[in-house]
Amino acid sequence: MLAQVFTDGHWGFGGEGTIGNAPLTPITVKGVTYSNGLGTQPPSNGSAHVVYSLDRRYSEFSGEVALNDTSDNASTPLIFRIVVDGNELWRSPGMASHGEPEAFHVSVAKGERLELYVDCRGSNNGAHAVWLNPVLRP
């Protein structure tokens, strides 16, 4: 269950396969449209993050991260992070250009709180961050 969303104030949070801008644009990476995905844009020199309540109901979380095709390339490499109950479980390499999505698969067993972060340590120009096919498994 979605608990909170923190973004740059200009972009919102895009769920159900949208990137979070207005009008809502479909998530597309390398020409492939994803109907299951999350999108956001972090603020310059900051982070966007989404918080979900897990209630100890899930064991695994998997998917991929990338830059959406609407980005010409990010001015600053973006770092995607997965945090469960305050512990960082996964971190992407810095992503500043279109390329292959980076896969993740983490155990969230007995977790109460899942946080998805996108960190931007400079200008957020072109920082169209997307989480592709995120799945929580019981």
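We now turn to the structure provided with this report. The structure displayed is predicted, hence computed values, not measured ones. (Residues numbered from 1 in each chain as written. Predicted model: local features only at pLDDT ≥ 70, side-chain atom pairs only at ≥ 80, totals over all residues. Heavy atoms only, no water.)

## A few points about the sheet that holds strand E6 (residues 60-67)
Phase 1: Within the open sheet, the four strands sit side by side as E4-E11-E6-E9. Their pairing is antiparallel. The open sheet has two free edges, formed respectively by strand E4 (37-40) and strand E9 (102-107), since each of these has just one partner strand. Across this sheet, the average inter-strand angle for adjacent strands is 25 degrees, counted without regard to direction.
Phase 2: Of the strand pairs in this sheet, E4 and strand E11 (residues 129-137) are connected by four bridges, and their pairing is antiparallel. In the sheet register, Thr 40 faces E11, and the bridge partner there is Ala 129. (Pairing = 2+ DSSP bridges. Helix = DSSP H or I, 4+ residues; strand = E, 2+ residues; numbered from the N terminus. Axes fitted to C-alpha atoms, helices over the stretch in contact; angles between N-to-C directions.)

## So, the nonpolar core
Phase 1: Formed by 24 residues in total, the largest nonpolar core has its most connected members in Phe 61, Leu 78, Phe 80, Ile 82, Leu 114, Leu 116 and Trp 131.
Phase 2: Of all the elements in the fold, those that place two or more residues in this core are strand E5 (46-53), E6, strand E7 (78-84), E9, strand E10 (113-120) and E11.
Phase 3: Ignoring sequence-local partners within four residues, the contact set of Leu 116 consists of Leu 38, Ala 48, His 49, Val 50, Tyr 52, Phe 61, Arg 81, Ile 82 and Trp 131.
Phase 4: Residues Val 29, Tyr 34, Ala 66 and Val 130 belong to the second largest nonpolar core, which totals six residues. (Core = buried A, V, L, I, M, F, W, Y, C linked by side-chain atoms within 4.5 Å. Buried < 20%, exposed > 50% of the residue type's maximum accessible area, 1.4 Å probe, protein only. Contact = heavy atoms within 4.5 Å.)

## Digging into the pattern of salt bridges
Phase 1: Overall, the coordinates contain six salt bridges when judged by the stated rule.
Phase 2: In this structure, Glu 100 engages Lys 30 in a salt bridge whose closest nitrogen and oxygen atoms are separated by 2.5 Å. Separated by 70 residues along the polypeptide, Glu 100 in the loop between strand E8 (87-91) and E9 and Lys 30 in the loop between strand E2 (27-29) and strand E3 (32-34) bring together distant segments of the chain.
Phase 3: Connected via shared salt-bridge partners are Arg 81, Glu 88, Arg 91 and Asp 119. (Salt bridge = Lys/Arg side-chain N within 4 Å of Asp/Glu carboxyl O.)

## Some thoughts on the packing of aromatic side chains
Phase 1: As enumerated under the stated definition, the model contains four aromatic pairs in all.
Phase 2: Measuring from centroid to centroid gives 5.0 Å for Phe 61 and Phe 104, while their planes differ by 40 degrees, and the two rings are tilted. Taken together, the residues span a long stretch of sequence, with Phe 61 in strand E6 and Phe 104 in strand E9 at a distance of 43 residues. The same class applies to Phe 61 and to Phe 104, which are both buried. (Phe/Tyr/Trp six-rings, centres within 6.5 Å; stacked < 30°, edge-to-face > 60°.)

## Here we look at the pairing of E10
Phase 1: Along E10, seven of the eight residues are buried, which leaves the element largely enclosed by surrounding structure.
Phase 2: Looking at chain direction, E5 and E10 are connected through eight bridges and run antiparallel. Following the sheet pairing, Tyr 52 is matched in E10 by Leu 114.
Phase 3: Bridge count between E7 and E10: seven bridges; the pairing is antiparallel. Within the sheet, the bridge partner assigned to Phe 80 lies in E10 and is Val 118.

## Things to note about the environment of Asp 85
Phase 1: Following the sequence through the fold, Asp 85 ends up in the loop between E7 and E8.
Phase 2: The class for Asp 85 is partly exposed, based on a relative accessible area of 38%.
Phase 3: Taking the C-alpha atoms as reference points, Asp 85 and Lys 110, separated by 25 residues in sequence, lie 9.6 Å from one another.
Phase 4: Each residue touching Asp 85, except ones within four places of it in the same chain, is listed here: Lys 110, Gly 111, Glu 112 and Arg 113.
Phase 5: Polar contacts involving the side chain of Asp 85 include one to the main-chain amide nitrogen of Glu 112, which spans 3.0 Å. (Polar contact = N/O pair within 3.5 Å; in protein donor to acceptor, adjacent residues only side chain to side chain.)

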